Amino acid sequence: MSTDNTSLKLEKKFQAAEDFLPLLGTDFVELYVGNAKQAAYYYQQAWGFQPVAYSGLETGRKDSVSYVLQQDKIRLVLTSPLQPEGPINAHINKHGDGVKVVALWVDDARKSYEETTSRGAKSYVEPYVMEDDNGSVVISGIHTYGETVHLFVERKNYNGPFLPGYRAYAPNFKAVPTGLKFIDHMVGNVGWNEMNKWCEFYAKVMGFAQLVSFDDKDISTDYTALMSKVMSNGNGRIKFPINEPAEGKKKSQIEEYIDFYNGAGVQHIALATDNIIATVTALRDRGVEFLYVPEAYYDTVLDRVGEIDEDLAPLKELGVLIDRDDEGYLLQIFTKPVLDRPTMFFEIIQRKGAQSFGKGNFKALFEAIEREQDLRGTLS
Ligand code: FE2
């Protein structure tokens with residue numbers, strides 16, 4: 001599968017039909033968290049995101065508070081409840097901190113809603129208009145796996161810092177960027193035998209096509225296994241791999257996630273950089289922890305992937321993984337879970353032509369995750 005000519009395949013898949021859900025990109029990712037103020041500081045100090053907007057008591061919002069942070073094209077929203085009851089509390093109580101909203105930037109939020117709900121999507125919120133002095137935004141939304149939702153955000157008539165109801169927020173403390181550019185892909189973990197159901201959802205309801213699939217023979221170690229399919233929209237800007245657990249001798253990382261998240265949800269967000277060595281060095285220096293890769297991986301990796309532009313020594317020192325397909329190669333690394341529960345983590349990825357997802361690294365990666373699971377006592 002790593003030899004797929006992905007972009008050509010995508011073109012072929014989409015030339016037949018008109019894209020009924022044109023997506024301009026990821027608008028924002030919203031996490032429901034226990035303490036948004038402190039989470040904002042973590043993403044600011046450790047990851048280099050700069051706060052750009054705020055909404056809370058000072059802006060007239062009574063029940064919750066949100067911080068919006070941005071680095072290049074990546075926008076995170078961190079939201080916490082201010083009251084003991086309500087859906088945000090319920091979400092945090094059940095899932096721990098985690099992604100609630102994957103918001104997609106569209107030209108027409110009303111049409112996006114109609115096209116998806118008429119194809120079977122469950123409505124989360126009907127189209128509505130928000131306005132302030134900076135213009136208006138139209139938002140609508142549908143449910144996806146677990147309690148995760150997609151919002152469609154139409155902001156062509158708006159020039160404020162984020163959304164109506166938010167005010168610009170520029171604290172004195174300035175984040176130093178770490179070179180993160182945009183969201184490359186976002187992965188969902190779903191329950192046993194649910195992968196095909198959710199891939200069909202993205203195909204039928206949102207007009208996505210399947211890029212690649214990996215079965216348990218591709219993604220298994222001596223102990224654990226999973227299956228994965230990658231769904232992409234027409235222009236390739238939005239890629240959603242979907243994982244489900246597969247039978248192995250021990251409990252897979254997907255089962256561990258489902259157990260602690262209490263259901264399906266976003267497993268990892270892959271962030272793109274133009275210089276993975278500089279980015280990962282900066283992140284590590286600021287306290288972000290990455291999965292450990294045994295040094296033996298680097299004894300043979302160049303035999304597998306051929307020549308690369310980078311020196312191997314810093315990649316080895318940082319634990320960056322390398323893979324190649326017929327369009328080029330990629331460099332990638334995975335953090336440990338960034339929340340208290342062993343649920344969500346980040347991937348840092350630098351693509352040098354390759355459009356695939358690092359299949360050649362799966363075994364080394366999952367063995368690294370198993371070592372962490374073993375420390376948590378969740379492997380068996
Ligand atoms: Fe990934």
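Reading guide: rules and limits
Residues numbered from 1 in each chain as written. Predicted model: local features only at pLDDT ≥ 70, side-chain atom pairs only at ≥ 80, totals over all residues. Heavy atoms only, no water. Salt bridge = Lys/Arg side-chain N within 4 Å of Asp/Glu carboxyl O. Helix = DSSP H or I, 4+ residues; strand = E, 2+ residues; numbered from the N terminus. Domains from an automatic or database assignment. Contact = heavy atoms within 4.5 Å. Polar contact = N/O pair within 3.5 Å; in protein donor to acceptor, adjacent residues only side chain to side chain. UniProt positions renumbered as here; feature names shortened; annotations may be inferred. Buried < 20%, exposed > 50% of the residue type's maximum accessible area, 1.4 Å probe, protein only. Arc of directions from axis to C-beta.

Peer 1: Before we move on, can you summarise the pattern of salt bridges with the specific residues and values?
Peer 2: A full pass over the atoms with the stated rule returns 16 salt bridges. Among the ionic pairs, Asp184 bridges to Arg351, the shortest N-O distance being 2.7 Å. Pair noted here: Asp184 is in strand 10 (residues 180-189) and Arg351 is in strand 17 (residues 345-352), with a separation of 167 residues, a long-range link. Linked through salt bridges whose partners overlap, the residues forming this network are Asp27, Arg75 and Arg155.

Peer 1: Describe the domain arrangement of the protein, listing the residues and the values that go with them.
Peer 2: Assigned domains of the protein: these are domain 1 (20-168) and domain 2 (180-376). Its C-alpha centre places domain 1 at a distance of 25 Å from the equivalent point of domain 2. Taken residue by residue, the interface counts 45 residues in domain 1 and 41 residues in domain 2. Taking the shortest distance from any N to any O, the salt bridge between Asp72 and Lys181 comes out at 3.8 Å. On the surface where domain 1 and domain 2 come into contact, there are 13 residue pairs in polar contact (both at pLDDT 80 or more).

Peer 1: Let's hear about the UniProt feature "binding site: Fe cation" (unreviewed entry) in the protein: which residues, and what values?
Peer 2: The UniProt feature table records "binding site: Fe cation" (unreviewed entry) at His185, His268 and Glu347. For this annotated set, covering 163 residues, all C-alpha atoms fall within 9.3 Å of each other, a compact arrangement in space. Examined against the element boundaries, His185 turns out to sit in strand 10. Owing to a relative accessible area of 3%, His185 belongs among the buried residues under this scheme. Excluding anything up to four places from it in sequence, His185 contacts Lys239, Pro241, His268, Ile269, Ala270, Glu347, Ile349, Arg351 and Phe357. A polar contact is formed between the side chain of His185 and the side chain of Asp184, at a distance of 2.7 Å. Along the chain, Glu347 turns up in strand 17. Once residues within four sequence positions are removed from consideration, Glu347 is found in contact with His185, His268, Ile269, Ala270, Leu271, Gln332, Ile333 and Phe334. Here His268 takes part through its side chain, which lies 3.0 Å from a polar atom of the side chain of Glu347.

Peer 1: Tell me what's going on with helix 7 (residues 276-285), and back it up with residues and numbers.
Peer 2: Residues lying three or four places apart along an α-helix face the same way, a consequence of the helix completing one turn every 3.6 residues. Of the residues making up helix 7, those classed as buried are Ile276, Thr279, Val280, Ala282 and Leu283. For helix 7, the buried positions fall inside an angular range of 160 degrees around the axis, keeping them on one side. Summarising the contacts, the buried residues of helix 7 are in contact with strand 10, strand 14 (265-273), helix 9 (312-318), strand 16 (328-334) and strand 17.

Peer 1: Describe in detail the UniProt feature "domain: VOC" (unreviewed entry) in the protein, supporting the description with residues and values.
Peer 2: Summarizing the sequence annotation, UniProt attributes the feature "domain: VOC" (unreviewed entry) to residues 25-155 and 182-336 in the numbering used throughout. Annotated as 21% helix and 49% strand, the span residues 25-155 places its first and last C-alpha atoms 12 Å apart. Each end of residues 182-336 is marked by a C-alpha atom, and these two atoms are 20 Å apart; helix forms 29% of the span and strand 33%.

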